[in-house]
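# Structure assessment
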Amino acid sequence: MMKDNSSEAMKSDVDAVAIWEAKFKKDTLVGRDFREYWKLHVPTIYAPDESTNFLHISYDDDSAQKLLFDTLKQFICIDNPAEVLKHLKELTTPAALCGKVFRMGEATYSCRDCGQDSTCVLCRDCFAASAHQQHRYKMNQSVGGGYCDCGDREAWKDSFCCSIHERNAVGGGTSSLLKFPPEIVQRARAVFSAVLDYSLEMLTHENTMGLPHDLRSPLEQEGDADDLLSGAEPLRTPLYVTMFYNDETHTFEQVIECLRRAVECSQRDAVDYATIIDRVGRSIVKCGDFQTCNKAKQVFEHHSVRHSSGPYKVHVMHTHVVAHQTFAMRLLLWLKKLIEEVDGFRTLFGQIVTEPAADGPVLERVMKSDTQLWKLARNQWHLLLIQGMLMEHDSKKVFAKTFTRLYPALMRDFMCDDHNHSDSVTSLSVQIYTVPTIAYMLITDEDCLFVVTRTFYDECINRRNAQGVLSFDARSPNTTWRRISYCLNDLRYLLNNMRPPQWTDQLRKGFLHGFNALLDVLAVMEGMDSSVRQMGNHLEFDPEWQTAFTLFGKLSIVIYHLMDWCSSDRMVLVKAYRAVLRKLYGKLSEERLRPSATVTAAGKTFRVIEFDMWQKPVSLHLPLTRMLAGLHLHLGRFGLQFGSPEFEMEDRPTIQQIMETSLRAVILTTQVRAGMWRRNGTSLVSQVHFYSNVRIRSEIQDRDVQILQMAAALEDPDEFIMTLMLRYGIHHWLAPDFEGVMRRTTEVDGEPVTYFVETVQEGGKTVTNFVQTVQEFTHNLEEMMLVLIHVFGERYQPGVGEVTREDCLKKEIIQCLCIEPTPHSKLSKLVVAENHNVSIEQLADQVAEFKLPQNGTGKGVYELKPELYSDYNPFWYHYTREEQSRAEGAQRRRKRLADEPACLPPPQLPPFTPEFRAARNVAVCRAMLDVLLTVLRRSADLTARVFSETLFQRALFLMGLALNEEERSAAGATADAGPPEQPPAFCFSQPAQQCGIVDALQNMVGNPRVSSHADLLAWVNAKLNRLLGRTAAAPESQPSTSEEAGSEQKKRRAQAAARRARILGQMQAQQKKFITQNMTALAEPEEAEPSGALSAERAAAVTGSAMDLSEGAEPDRWPVCLGPRQSARPAAPAEYTCILCQATEQVSSTRPAMVMAAFVQLSTVLSRDRASTAANPVLYVPSSLHRLPHTSSCGHAMHAACWQRHFENVCQRERRRAHRLRHNMSYDVQKREFLCPLCQCLSNTVVPLVPARMVALDGDDRPPADNINVWVKGLQLACAHTVVQVDESPGADHSVEQRRVRYRSPGLKTVLKHMTQREGNQFRAQVRLGDRIAEIPTSTREMMITFAMVPCMVGLDGRVELGDRRVPLLTLQTCAYTLHTTEQLLRHTGRPLLAELGSRGDICLTQLTHVCATMLPVVAELGTAQASCLGLLRLLLDQPAGGPPVTDMDAFGLVVILCSLTTTLFAEHADGIQAPSGSLQDLQCVRLSLLLHLVQILLTLDVAELTRQQPMETDDEPAAGDQDEQQWLAELYTLVRSAAGVEVADVSPPLLRQYVAGAVTPFLRCCALYFHFLTGVRAPDELLQPLPLAAQYPHLLRYLGLDSLCVPQATDCQSVLQDLIAKWCRHPDIGPYLAGSRGPIVRYPLSVNTLIPLPVDFSELINKVSDFTCPSSDGESRVPAMCLACGELLCSQSYCCQVQVEHIGQIGACNAHLMRCGAGSGVMLRIRECRVHLLVNKVRGASVPPPYVDKFGEMDQGLNRGNPLTLWREQYDKLNRLWIAHGIPEEVTRLMEDSFSQTDWQNL
Ligand SMILES: [Zn+2]
Ligand SMILES: [Zn+2]
Ligand SMILES: [Zn+2]
Ligand SMILES: [Zn+2]
Ligand SMILES: [Zn+2]
Ligand SMILES: [Zn+2]
Ligand SMILES: [Zn+2]
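Residues numbered from 1 in each chain as written. Chains lettered and ligands numbered in written order. Predicted model: local features only at pLDDT ≥ 70, side-chain atom pairs only at ≥ 80, totals over all residues. Heavy atoms only, no water.

### Details of the overall build of the protein chain
- Each helix and strand in the protein chain was counted, giving 67 helices and 33 strands.
- For the protein chain, the residues scored as buried account for 57% of the 1804 residues in total.
- Long-range pairs, those at least 24 residues apart, make up 77% of the contacts in the protein chain with a sequence separation of at least 6.
- Summed over all atoms, the accessible surface of the protein chain reaches about 75500 Å², with 50% contributed by carbon and sulfur. (Helix = DSSP H or I, 4+ residues; strand = E, 2+ residues; numbered from the N terminus. Buried < 20%, exposed > 50% of the residue type's maximum accessible area, 1.4 Å probe, protein only. Contact = heavy atoms within 4.5 Å. Areas by Shrake-Rupley, 256 points an atom, 1.4 Å probe, with all protein chains shown as cover.)

Below, the structure is given as C-alpha cells:
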C-alpha cells in the first residue's frame, strides 16, 4: 500500500524531484526511487501500439523531455539547471583530444611523416587546421567507429595537435571534478548510477514477456509467458510486438522475402523494414495481442527452416518492455551528451563504472553483455564508453586493464556472435593496444601478449589434425576461424609500437611469456598443408590452401615486430633464440630426423638424413624454422653465434636438422616452377606462387634462403653440396661414367624416352631403380645451380650482408626497374606494410628519375639511372620466371641499342657479414669444383644428354660471382676501406686452375652448343685470366674469341632482322589488302569527291542533269548552298564495298540497295530541362531539346540483303543461347540490337544509302521571285482554307485529339484565288522549287521504312505502325537533333565546322540528311504528310490558343521539318512530292525560322547584362551593310519587346548586333551543316578553319545565301511578317515563360551542355558525401554516387533506394535516376571508391578510368593507396567528349564485349 501511495504522489514531475530531494537529504535515495517514477511515465510515452507506423516511429518528445530528462537535470543541479551547468562548464577545461567519432565513409587523414602508425588518423577539420597538410599525408575512408586522434601525444611523433585543439592541450592534467561542489557530485553520482544500472538491466532484459517486478505497473498486469501459453486470462489484454533481429548470416533478399510473407506487407515496405533492421539491428514488424504476434513469429520460424542459413532471431515482446528499452537507449544518449559537455562528469562516469559492485563493476557487465545486444544498443554503449573512458589517459588505462582481463571471454563471445567485428566491443582494442605506453603497461602488468596469443592458440588446438598440425577444410565455412583471427590484429597493435625504449625485468617476462605462447602457435603451423608428389593420376580435388596463407599473412607482421623487439635487448634475444631451438628440437624429434645414410664425395664420407622428395610429404609452412633464421640474423650484433655458450643445451637440433625442412621447401618450389609436379594440380601451384608473394616473402622465401646460407656457413661446404644433390636426386651425376652406365631408353606411347637408373645392393641382389628422365634430371641440375647462386649471391639482407634496410629496398627498386620503367604504385608495393615509415619516393629518387606522363596520358614512371644498370642481377631471387626473362630481354635490348656487348655479367655483391662469410666456401669447395668441372666437360661432350644452355649459363654466372668476390676480397685486403678481412682471403681462380676448370673453360670457346652464352664465357675467361695474372698469356686466343663471338652475334642479329622484316612485310600486305577490301567506305572525302573536269563529266553522266557545270568548276566563286544563288552541286557516284560479301557496289536506283549500320538512342545530352516530364510534341522539336532521338553510325556499308541475312543469324544464335547467359549481354536482340559485323559497333537499325541522283537538282526554270512575305501569306491562306475533317472511322484513336481531327490541304488553286495575280505568280514560283524524287527501288524503300520506324519507337518508347503520322516527324527530329549534337561537339572541341568530321561522321550525316529528305513519300501517305504540314503551319502562323508559344520551338528543328513538309503541301500525288535541296522555298523556311529565332533571342535577352558589356573594339568603321543590320535589329528589338510587354531599355545598336550575331551563330552553324550535307555544296575555306565563333558569323550567312540577318520587310509597317511577329509575342504563354514559371528559360546562344565541373581536390568530393544520407531511409548511404550530368547524389547499390520497373525488376538508384535524367544512360562517379561507371539501359554498364590521379599520374580506384588525388583534366575531357558525342552505349558495349565482368549493373 505504501508503494502505491508513493507512486501516486510521484505523478507530477515537480513532486518527483521533491521526493528524490527529500530522500537525498535523508541519505536514503536509491536507484529504485527513480525507477518508481519512470515506471509511471515511460510506457505512456514510449510504448508502441497497433496504430504506430513502425517504419517511421515518432514519440511525444516534448513530454519525454519535460517529464523524464529535465527532472534528472533538475535534481542534479538543485535549482536552475541552465545556470548551474553553465557554471560547471566554466570550471571545465575542454578535452585535449578531438575524439570525433567517424561515420562510415567519412574521410580520414593520416600522416606518413608524423603518425606513430597507420591507425593514427585525423578528422577533416583537424587535418585542415594541422601542419600535416604540408607533409606526406594519406587520405582514407573510415569504416566507421574509430575516432580522431588529434591531441593525443602518443599518436604523433610531431604536430600532435591542430590549431583548434591547441589551446585545450595546454590545460589538461587534473580533472575539473575536484572543483565541483560536493553536493552536486553526490547528486550526479546517484543519477548516473541509477541510469547505468537501469539501462544495463533493461537492454539485457531477457524476459521479453514482462518487466522486472518493480517496474510493473499495478494497473496493467502483464501475463507471464507461461500463463499465456496455458490460456489463463490476464486482467486486461496487454499488447505485444513481434521484434525481428538482425544477423549477418542471412542475406538481404532472404530477409525481405521472409518479411513479405510473414507480415504480409508490400515489397517496398519489406525493403524498408529490412533496411531498418540492418541499420538499427532490429525492428518491430507487428503489434497486437499475443496470439497475433506469436503467429507472426511462427511464420518466421517456419520460413527459416527452409534456409540453410539457420533460424531468424524473432521475439514476441511486451510493449512495455520495448518502451523501457527505448527509454534506456535515450538515457545513454543523454548521458553521453552530458559527459561531453561537462568534463568533470567524465571523471565521475569513469569512477562509477569501475567501482566494484555485487555483480561486478558496470564496465565489466557492459562488455560481457555486448553480444546479447542488438546493433544500435551496442553502438550506443560503445560511444558512451569512448566518450566516458577513452578521452583521458588515466581512465583509458583502467579501461585497457579491464578489457584485457576480459579478453578471452569477449573473444569467445565474439566467435559465436552473428554481427560484424565493427559492431563488437572487441573492436575497441585498436583504441588502446596501439597506444605505446598502454601496450607496455599491459604486457608488464596484465600479461597481455600472452593472454591474446593464448586466446588464439586455444582455437588452434581445436583445429589440429592427426599429425598435430593445423588443418582447414575447404568444404566447411570458417566463420569462427575468421573471427578468432582478429586476435592477430590485436597482437599487431600491441607490437606495432616502437620497440620499448627501456626494458624492465617485468616487461621481459611478460614479453617472453607471450613469445613462447606464439611459438606454440607456430609449432602447430609447422608442416601445414603438405603435398606428396602425384605420380600416375592427377589429384582428384585441389586441397584447401588459402586459409593457411591468409593466416600467415596476418602472422608475418606480428613475427616481424616480435623479432624487432627481440633484437633490441640481448637478454631477450638469447632467451628467445633458446626457446625457438628447444621448440624446434621437440618438433624435429617427432619426425625422427636423424642422419641415416652415408654419401661419399670429395674424398670424404658424410652421414646424411635420408629423404625422398618424390615420395614423402613436403610442406611450405615452416614458420618455426624461419623464426630461428630471423633471430639468427641479429646474433652478430651482440657478439653471439650459433655455437655460443649461451646456446649450449642438451635438447637442441643440429644445423643439418634445422636446414632439412627449409631445403625441401626450396626444392619443392623450384621443381613446381619447372613443371615437375604438374599432377598435383593448381593448389600447389598457388601455394608456390604465394610462397614468393611480395607481401609475405620476407618471412617465407627469404628466410629459407637465409637458412641455407646459415647452413652453408656452419656446415662443411662439401657436405652441404652433397646434401643438396642428394635431395634433388642427382648425386650420381658426378660419377665419371654416369651417362654411359645409368642411361636407358624405352618407348612410351611410341616416343623414345631416355631415363636414368641407379643400382643398389639389396639382400645380396642388385636392384635397378628408375631415377629420373633426362629432362627431369637436367631441370633438377639447373635448379640446384640456381639455389647455389642464391646461397652465394643473395646478400641484401641486414645480418647476412653488410647492408642497411634502405640498401635492400633500393636493390628491390633497381631490380624492378631493370624489367621496365615502373609507375609509383608498383614500386610502393615493394615496401611492405611494416615499413610504412620508409619513403619509397626518397629511395626511388636516389636510384631513378621520375618521368611524368607524356601528353597527360598514362602513368608517370620511374626510370633507372643509367649508371646503376651494372647492378642488375639476372638471377635475382625475387624475380618470377616471367619477370626474369622480361628483365633479361629488356637489358639485352638496352645493350644492343647502346651498341655495347650483349653480355650481362654478374654484378658486384656487398660483402657478407663475418657470421655468414664462410658461406662463400660453397663456391670453392671440392664438391662444387667437381660440379662445375662436370658441367663444362659434359657441355663439350656431345654424347652427354644431361646438358642445357641454361645449366651452362648458370654455372658461368656462379663462377663470375665467385671471381667478383675474389676481386673484392683482394682489393679489400689492400685498400683500407673497413676492417681488413680475416685471412684467408677468398680465392676462386687458383683452385679453379688446379682442378682444370680454366682449361675446360678455354676448351668451350667457340663451341656451337653454347654459342648463345659466348659473350659471358668470354667475360669469365677474361676475368679469370686477369686474376691469374695471365692477361698476356693468351693474346692470340683472346681477341679471336671475342671476334668470333662478335661475328656470330652479328650473323644472328642480321638473321633476326631479316626475319622481322619479312614478317612485317607480310603483315603490311595483309593490312593493305584488308583496307582496300573493306575500307573504301572510309576513304577520305577529298578522294571520294573528285574535282575538275573529269568529275564534272562523271557527275553529268550519273545525274543526267543539264545543269551548267562551268559554275562548279569555277574555284574562285564563293560557294552558296541555299537559295537562287546556289552553287553547283557535285554529284559524285558513290561506290561502297559490302563488308559482308566484299562485293563493290555503286549506289544507284538500278543496283541492289545498300545500308549502313546505325544506332538510334533516346538522348537528353543537350537537354535544357532535365526535370521535364513533358511529352514529345512530335510536330516540332522542343526548344528544351529534352528526350530526343539521336542517330549515329559507324558508316560501314553492306547490301541490304546481306545485312538481313546477318541479322537473322544473330537472332537465331541468341535464341539458342540459354536464358541465364543472356543476362550480361552487351546487346539485346529483343530490341533489334546487333553489332556492326566489321567494327563491332553497337547498332539497332540501318540507314539506307540513297542514290545521289534522287536528291539531285531538278534543272527547272529558276525565276527570281524571292518574296518571303508573299510566301508566308500564301501559307497563311492555306491554313485559313484548310479542310478540317473529323475522322469517324471505328479504328481511329479517339483519345488523341490530333488524330481525330484531320487537316486536308485546300490545294494551290484555292490559295491562288485569294491572291493578286502578281502575288500568285510569285507564290507559285516559290513553292515549286524542289527536287523531284526519282523512282526509288523497292529494296531501298523497304530499308527506308525499316529505318524510319526506329526513331519513333525509340523516341516515344513504344510500338508504332507504319502509316502513323509520327513516323516521318520523329525521323526529321532525329536528323535535326543529330545535327545539333554535331554542331555542339565541334564547338566543344574547337574543330572547324565543315572539315575534319572524319569520314565516319561525313557519311553518317550525308546519308541521314538524304534519307530524311527523300523518305516522306515512302513512309507516309500524302494526306498524312499534308495534315502534319498544315498542323505545324497553323501552330506557327495562326498561333491558336492552347498551342505552344514560339519560345517552345527549336528554330533549327523547324528548318528541317518545314523544308521537308512544305514540299508536300500542294502536291497532288505522292510522286509530286519534292525533296528539299536548298531551293528557294528552303531558303524561305530558313528565313522564317531565323526570324522566329531572332524573336526568341530578343525576348530572352538579358538587357541589364547587355548594357553592362562593352562593344567589341573595331578599328574600321562599320560597313554600310552592318549599319543596316544594326538599324533593322534595333527596330525588331523594339517591336518584339513592346509587343510582348517586356522592358524595352535603350541598347546601343552595335552592342545589340554584336550580341545577336553571337546568339544566332549556333543556329546558322546547324543550318550550314544541314545544307552542306544535303546539297554537297563545297564549304568555303573560312569554314574549314577553326575560326572563333564570332568570326564565323559573316561566312555562315554568305554560305547560306543570306545577305544579312535582316529578313526582308519583317519590320515594315503592317507587313505580313510584322503581324506574325506581333502575334508570336502576344501569345499568352510568353509572359509566364519569361517569368520562369513554365520551366527553365532557354537562353541563346545555346551553350554546350557538359558534364558538371568537378573540384580539383578529390577530398572535397569525399567531404561532400560524408554528409549525404540516403534519401529513402535517412540512414548512411554506403555507396554514394554522383550523376555527372546533373550533379545529383544518389544512394547506389542499396536496397533502400531500389525501384521496381517492368520487365526487369528491381533497379538501383543510379539506374532509376538515369531513366529520368539521361533517358537511360549516363555517367556515375562512385565517390568513396573513386570509380566511374557508364550505365546504359538499366542493365548494362562498364567501368572507365576515373578522372582523378595522384601526383605520380596514377589513378586509385577503390582508394587503396590513399595518396591525395587531383583532377585529371584530360581524362575528364575525354569522358565529356564521349558523353556529348553520345558514345556511351557504344563504349559500354565495346567494354562489355572485352571483359568477363560479372557485375550486376542493374543494382547500381
Ligand atoms: Zn578531429
Ligand atoms: Zn584537432
Ligand atoms: Zn605530419
Ligand atoms: Zn553484300
Ligand atoms: Zn562498323
Ligand atoms: Zn538509400
Ligand atoms: Zn542526373
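### Regarding the coordination of the zinc ion (ligand 3)
- Within the protein, the atoms that donate to the zinc ion (ligand 3) are C111 (SG), C114 (SG), H132 (ND1) and H135 (ND1), at distances of 1.9 to 2.3 Å.
- Angles of 98 to 120° at the metal separate the four donor atoms of the zinc ion (ligand 3), which places the site in the tetrahedral class. (Donors = N, O, S within 2.8 Å, 3.2 Å for Na, K, Ca; no water. Tetrahedral: all angles 85-135°; square planar, octahedral: opposite > 155°, others 65-115°.)

### A closer look at the sheet that holds strand β31 (residues 1740-1744)
- If you walk across this open sheet you meet the five strands as β26-β25-β29-β30-β31, and the pairing is antiparallel. The open sheet has two free edges, formed respectively by β26 (1689-1692) and β31, since each of these has just one partner strand. Each neighbouring strand pair of the sheet contributes to a mean axis angle of 35°, computed without reference to strand direction.
- One ladder, built from five bridges, connects strand β30 (residues 1731-1736) with β31; its direction is antiparallel. What sits directly across from H1733, in β31, is S1743.
- Sheet contacts for helix α67 (residues 1784-1794): β29 (1722-1726), β30 and β31; angle to β31, the most-contacted strand, approximately 80°. (Pairing = 2+ DSSP bridges. Axes fitted to C-alpha atoms, helices over the stretch in contact; angles between N-to-C directions.)

### Some remarks on the packing of aromatic side chains
- What the rule picks out here adds up to 53 aromatic pairs.
- Ring centres of F34 and F75 lie 5.9 Å apart, and the angle between their planes is 75°; on these two criteria the pair is classed as edge-to-face. Taken as a pair, F34 in helix α3 (residues 31-46) and F75 in helix α4 (residues 61-76) lie far apart in primary sequence, 41 residues in all. The same class applies to F34 as to F75, namely buried.
- Note that R483 overlies the ring of F414, its terminal NZ or CZ placed 4.7 Å from the centroid.
- Note that R795 overlies the ring of F792, its terminal NZ or CZ placed 5.1 Å from the centroid. (Phe/Tyr/Trp six-rings, centres within 6.5 Å; stacked < 30°, edge-to-face > 60°. Lys NZ or Arg CZ within 6 Å of the ring centre and 35° of its normal.)

### Considerations on the environment of P1747
- On the secondary structure map, P1747 appears in the loop between β31 and β32 (1748-1749).
- Between the C-alpha atoms of P1747 and F1658, which are 89 residues apart in sequence, the distance is 9.7 Å.
- Those residues in contact with P1747 that lie beyond four places of it in its chain are L1654, V1732, T1766, L1767, W1768, Q1771 and Y1772.

### A few points about the coordination of the zinc ion (ligand 4)
- Here the zinc ion (ligand 4) is held by C1138 (SG), C1141 (SG), H1199 (ND1) and C1202 (SG), and the distances to it run 2.0 to 2.3 Å.
- Coordination at the zinc ion (ligand 4) is tetrahedral, judged from the four donor atoms that bind it and the angles of 96 to 116° they form at the metal.
- Residue C1202 is classed as buried on the basis of its relative accessible area of 9%.

### What about the confidence of the model for the protein chain?
- Mean pLDDT over the protein chain works out to 83, with 87% of the residues at or above the 70 mark.
- The model gives residues 974-978 a pLDDT under 50, and that stretch makes zero contacts with residues more than four places away or in other chains.
- Overall, residues 1074-1114 carries pLDDT values under 50, and its contacts beyond four positions in sequence, including any with other chains, amount to 40 contacts. (pLDDT = per-residue confidence, 0-100.)

### Concerning unusual backbone geometry
- The peptide bond linking Y1644 to P1645 adopts the cis configuration, its omega dihedral lying at 0°.
- Relative to the helices and strands, P1645 resides in the loop between α63 (1630-1634) and α64 (1658-1666).
- A positive phi angle is found at Q1142, which is not glycine, with a value near 70°.
- Examined against the element boundaries, Q1142 turns out to sit in the loop between β14 (1135-1137) and β15 (1144-1146).

### Focus on helix α52 (residues 1366-1389)
- The end-to-end C-alpha distance of α52 is 34 Å, a good match for the 34 Å that 24 residues give at a rise of 1.5 Å each.
- When you tally the buried positions in α52, you get 21 out of 24 residues, the bulk of the element.
- Backbone geometry just after α52 places G1390 at a positive phi near 70°. (Expected span 1.5 Å × (residues − 1).)

### A few points about the pattern of salt bridges
- Overall, the coordinates contain 69 salt bridges when judged by the stated rule.
- The partner of E646 in a salt bridge is R570, with the nearest N and O atoms 3.2 Å apart. Of this pair, E646 sits in the loop between α26 (623-635) and α27 (655-673) while R570 is found in helix α25 (residues 570-591), placing the two residues 76 residues apart along the sequence.
- Residue class for E646 comes out partly exposed when judged on its relative accessible area of 26%.
- In this structure, the salt-bridge partner of R1366 is D1364, at a minimum N-O distance of 3.0 Å.
- Here R1366 falls in the partly exposed class, since its relative accessible area comes to 26%. (Salt bridge = Lys/Arg side-chain N within 4 Å of Asp/Glu carboxyl O.)

### Details of the packing of α52 against helix α60 (residues 1549-1575)
- The geometry of α52 relative to α60 is characterised by a closest axis approach of 9 Å and an angle of 115° between their N-to-C directions. Handedness of the crossing formed by α52 with α60: right-handed. Here C1375, L1379, H1380, T1382, E1383, L1386 and R1387 of α52 come into contact with α60, specifically with P1562, R1565, C1566, L1569 and Y1570. (Left-handed = near helix turned anticlockwise from the far one by under 90°.)

### Some words on α60
- Helix geometry: α60 is bent most strongly at T1561, by close to 40°, with proline P1562 lying one to four residues after it.
- Burial analysis of α60 places 23 of its 27 residues in the buried class, which makes it a mostly covered element. (Bend = angle between axes of the 7 residues up to and from the residue.)

### Points about the side chain of T434
- Counting through the fold element by element, T434 comes out in the loop between α18 (429-433) and α19 (436-445).
- One polar contact links the side chain of T434 to the main-chain carbonyl oxygen of V430, over a distance of 2.6 Å. (Polar contact = N/O pair within 3.5 Å; in protein donor to acceptor, adjacent residues only side chain to side chain.)

### A few points about the environment of T950
- Looking at the secondary structure, you find T950 in helix α38 (residues 949-974).
- Overall, the relative accessible area of 29% leaves T950 in the partly exposed class.
- In this structure, the C-alpha to C-alpha distance between T950 and E783, residues 167 residues apart in sequence, is 9.8 Å.

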